Amino acid sequence: MKQLRVATDGRTLEYSDGSPFFYLGDTAWTLAHRLDRIETEDYLKARAAQGFNAIQFCAISEFGGLVTPNRQGDFVLKGNDPAQPNEGYFTHIDLIVRRANELGMFAALLPTWADKVNRGSGEGPEIFTPENAAVYGRWLATRYKSDGMIWVLGGDRTVETERHLAIWRAMADGIRAVVGRSHLITFHPNGGCSSSKYVHNENWVDFHMMQSGHTGRDLPNWQMVHNDRMLQPPKPTLDGEPCYEEHPIMMMADGRWVHDSGFFGAHDVRKSLYRSMLAGACGYTYGCHAMWQFFDPARNPAVNKPVRPWRESLGLAGAEQLRHGLALWKLLLQHGPIEPNQGVLVDQMHPGNRQMVAVQAGKSAVAIYSPVRQNILVAIKRLPFAVGKASWFNPRTGAVKPAEVTSLTAFNLQATATDDDDYVLTLEQ
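Quantities reported herein were computed from a predicted structural model and do not represent experimental measurements.

Peer 1: Got a sec to walk through the sheet that holds strand β20 (residues 389-393)? Specific residues and values, please.
Peer 2: Sheet architecture is open: six strands sit in the order β17-β18-β19-β22-β20-β21, paired in antiparallel fashion. Both edges of this open sheet fall to β17 (338-340) and β21 (400-402), since each of them pairs with a single strand only. Averaged over all neighbouring strand pairs, the angle between strand axes comes to 25°, with direction disregarded. Where strand β18 (residues 357-361) meets strand β19 (residues 365-370), five bridges bridge the pair, whose relative direction is antiparallel. What sits directly across from glutamine 360, in β19, is valine 366.

What follows is the structure in structure tokens.
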């Protein structure tokens, strides 16, 4: 399997042969810990068929990762010592990594959930030191140096102390000592943050990962992408944990988080994908609330009210529709490099669920995502080309149909009473 690298523009990812790569990941944090081999095969084949090209999962899981064996009966470590990985446990991870690769997907592996470095409110315990983190990182990299891997350090925690940073740095150095730059490394942060807040200037970080999170609809991940793109030196960035499909919408009440405000749906997933992609992200990670925990009421306790078991969640609309976003990205690339360009919009800022995001492809195409049916006003004189073709791209189906140009300064989409109709307006030379 071809490996990945950061492109020379410092903003995008590409295969080692120079062909472009848009990271389309799935959040499967507990995959290695909770599924048997037959279930693993079913899961991986389903995600490959839906167009995913990266699977994010943990070697050491958050819940019960150190005290509960996997489905084969193996514990991840001997004596909770990172310098003593259990061969049986990692034989199962071998299967996941290599089967994902065979299906055309990269294994985006978290060596550990970050509560084992910075417990916070998690289970812990904190078992890592700079010394054993380096040993563990080197051991993992040696095992998987020839596989299609992306390394994701962190795991939903802040980097609060120099010791925390020293542990992650040592783990990354252990990996780099074996694989050099042939594998990419990133960092998964806490909610509402990007890894750039903690490790932007770390040489081992190839691209940034943010967590826009689950604390309300229309969280501005497009602005988070923009903020990362303004940093120097440039590094690609993506939303590695946006709102999960069928996750409760978390709201703050009386100083605590509550989960009684409904659930995120496919429309929320599409909004977070298209807004971040057209803001210049190098990829996107989908999440489903039942899937990350592989909820099975016969085996595992529920975390935060999953709607249905994981098998029934494999074919949710949001997961099925993401492939259309990847298709649009490939279509735009035919015109040239893709760069965000809000300047083509007459009104660049809109409240809440009405926020549009625009991108320019080369010198001959522009795409504008609207999360609801609304008038899209384009400043014709700001386009680098004369419009010869206007189309509507449907994020729900991938269908394309002609768009009527109603005047020289406005392209209008008839408003309706529903919010759940989003479109991409594409303008071509």
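Peer 1: Please provide a residue-by-residue account of the packing of aromatic side chains, values included.
Peer 2: Under the counting rule described, the total for this entry stands at 16 aromatic pairs. Seen from their ring centres, tryptophan 168 and phenylalanine 187 are 5.6 Å apart, and the 85° between their planes marks the pair as edge-to-face. Here phenylalanine 187 lies in strand β10 (residues 184-188) and tryptophan 168 lies in helix α5 (residues 162-179), a separation of 19 residues in the sequence. Relative accessible area serves as the criterion here: at 0%, phenylalanine 187 is assigned to the buried category. Aromatic ring contacts, followed pair by pair, group Tyr15, Phe21 and Phe106 into a single cluster. Stacked on the ring of tyrosine 15, the Lys or Arg lysine 2 has its end atom at 4.6 Å from the ring centre.

Peer 1: Before we move on, can you summarise the nonpolar core with the specific residues and values?
Peer 2: Counting 89 residues, the largest nonpolar core has Tyr43 and Phe57 as the members making the most contacts within it. Looking at which element gives the most residues to this core, the answer is α5, with eight residues. When neighbours within four sequence positions are excluded, phenylalanine 57 is seen to be in contact with Ala28, Trp29, Leu31, Ala32, Ile93, Ile96, Val97, Ala107, Ala108, Leu109 and Leu110. By size, the runner-up hydrophobic cluster in this structure holds 22 residues, among which are Leu4, Tyr15, Val152 and Tyr244.

Peer 1: Before we move on, could you go through the pattern of salt bridges and cite the residues and values that matter?
Peer 2: Using the criterion set out here, one finds 30 salt bridges in the structure. With a closest N to O distance of 2.9 Å, aspartate 268 and arginine 217 form a salt bridge. Of this pair, aspartate 268 sits in helix α8 (residues 266-278) while arginine 217 sits in the loop between β12 (208-211) and α7 (221-229), and the two are 51 residues apart along the sequence. Of the residues examined, arginine 217 reaches a relative accessible area of 44% and is grouped as partly exposed. Note that arginine 308 and glutamate 246 form a salt bridge whose closest N and O atoms lie 2.5 Å from each other. Here glutamate 246 lies in the loop between β13 (237-239) and β14 (251-253) and arginine 308 lies in the loop between α9 (289-292) and α10 (310-313), a separation of 62 residues in the sequence.

Peer 1: Before we move on, can you summarise the side chain of glutamine 211 with the specific residues and values?
Peer 2: Following the sequence through the fold, glutamine 211 ends up in strand β12. Polar contacts involving the side chain of glutamine 211 include one to the side chain of aspartate 156, which spans 2.9 Å. Setting aside residues up to four positions removed in sequence, glutamine 211 forms contacts with Asp156, His188, Pro189, Asn190, Gly191, Gly192, Cys193, Met224, Asp239 and Glu241.

Cut-offs and rules
For every chain, the first residue of the written sequence is number 1, and numbering continues from 1 onward in sequence order. Residues qualify for local features only when their pLDDT is at least 70, as the model is predicted, and side-chain atom pairs are given and counted only at 80 or more; totals for whole chains, interfaces and linings, by contrast, use all residues. Just so you know, side-chain values use all the structure's heavy atoms and leave hydrogens and water out. Pairing between two strands is assigned when DSSP locates at least 2 bridges connecting them. Runs of H or I in DSSP of at least four residues are treated as helices and runs of E of at least two as strands, each being numbered from the N terminus. The axes used here are C-alpha line fits, helices contributing only the stretch in contact, and every angle between their N-to-C directions lies in the interval 0 to 180 degrees. In summary, the pairing rule links any two rings of Phe, Tyr or Trp, Trp by its six-membered ring, whose centres are within 6.5 Å, and it sorts them by plane angle into stacked for under 30 degrees, edge-to-face for over 60 and tilted for everything else. Whether a residue is buried, partly exposed or exposed follows from its accessible area with a 1.4 Å probe, protein chains only, as a fraction of its type maximum: under 20%, in between, or over 50%, in that order. Two conditions define a charge located above a ring, namely a distance within 6 Å from the ring centre to NZ of Lys or CZ of Arg, and an angle within 35 degrees of the ring normal. Here, the term nonpolar core denotes a set of buried Ala, Val, Leu, Ile, Met, Phe, Trp, Tyr and Cys residues that are joined through side-chain atoms within 4.5 Å. The contact rule is simple, with two residues in contact once any of their heavy atoms fall within 4.5 Å. Should a side-chain nitrogen of Lys or Arg be within 4 Å of a carboxyl oxygen of Asp or Glu, the pair is scored as a salt bridge. Throughout this description, a polar contact denotes any pair of N or O atoms lying within 3.5 Å of each other; where both atoms belong to protein, one of them has to be capable of donating a hydrogen while the other can accept it, and for residues adjacent in sequence the pair is counted only when both atoms sit in side chains.

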